[in-house]
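Here's the letter readout for the chains.
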Amino acid sequence: MENTQKTVTFVGPEEGQGIAMAGNSYRVVISGRQTDGEYALIDMLVPPGGGPIPHAHPDVQESFYVVEGEVEVKSEAGNYIAGKGSFVNIPYGGIVHCFRNKSNQMAHLLCTVMPAGMEDFFTEAGEPAPFGTFLPLPPMTNELKSKMGALAEKYGQKMFPPDYLDK
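Cut-off values and rules
Residues numbered from 1 in each chain as written. Predicted model: local features only at pLDDT ≥ 70, side-chain atom pairs only at ≥ 80, totals over all residues. Heavy atoms only, no water. Phe/Tyr/Trp six-rings, centres within 6.5 Å; stacked < 30°, edge-to-face > 60°. Helix = DSSP H or I, 4+ residues; strand = E, 2+ residues; numbered from the N terminus. Buried < 20%, exposed > 50% of the residue type's maximum accessible area, 1.4 Å probe, protein only. Pairing = 2+ DSSP bridges. Contact = heavy atoms within 4.5 Å. Axes fitted to C-alpha atoms, helices over the stretch in contact; angles between N-to-C directions.

Q: I tried to follow the packing of aromatic side chains on my own but got confused; where do I start?
A: Remark: the centre distance and the inter-plane angle together describe each pair of aromatic rings, the angle taken between the planes. Counting across every chain of the model gives 5 aromatic pairs. Look at Tyr-26 and Phe-122: their rings are 4.8 Å apart centre to centre, the planes differ by 45 degrees, and that puts the pair in the tilted class. Here Phe-122 lies in helix α1 (residues 118-125) and Tyr-26 lies in strand β2 (residues 24-30), a separation of 96 residues in the sequence. As far as the burial class goes, Tyr-26 and Phe-122 line up, both buried. Taking the centre distance of 6.1 Å and the plane angle of 70 degrees together, the rings of Phe-121 and Tyr-155 count as edge-to-face. Of this pair, Phe-121 sits in helix α1 while Tyr-155 sits in the loop between α2 (142-154) and β12 (158-159), and the two are 34 residues apart along the sequence.

Structure, rendered in structure tokens:
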């Protein structure tokens, strides 16, 4: 039987691109460039109060595994407190969702996106920084709003107001 696998990828704990974005710290563990665009894995550190605003991406399936801490996940399908060991899957189709760390401890998540590409959104929207580095939130100027809107559109995301999923 012929082995059709191209190669095995090894990524050490200090490897991968670090990104500071929206008060959070991300590390692209494996990117679409390494998986032929099939998926990407992003290691996320989300401090108390951190997390993205409501958003949707119909052509991307996204999942989260909570390594440490907890986040409140809100979606059009309901809300869930995801603690250590919890798994959340956001299927293809564009369900509006977000998460927020409402605890007083750091949340550590592993995020998988299929197909890959969202890691490139993080790279363009954030700042290069070693994993575990948290930069202050930049002021939300009209220029920054415009840039983020253009990047969201470029990567197939739609952003919603922060209170969109409040019930």
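Still to come is the rest of the account.
Q: Looking at this model, I keep getting lost on the sheet that holds strand β1 (residues 17-21). Mind explaining?
A: Each strand in a sheet pairs with its neighbour through backbone hydrogen bonds, running either in the same direction (parallel) or in the opposite one (antiparallel). Taking strand neighbours across the sheet as the criterion, the 7 strands line up as β8-β5-β10-β3-β2-β1-β11 in an open arrangement whose pairing is antiparallel. Two strands close off the open sheet at either side, each with one partner strand: β8 (87-90) and β11 (127-128). Note: strand β3 (residues 40-46) against strand β10 (residues 107-114), 7 bridges, orientation antiparallel. Its bridge partner being in β10, Ala-40 is matched across the sheet by Val-113. This element, α1, spans β1, β2, β3, β5 (61-68) and β10 of the sheet and lies at about 65 degrees to β1.

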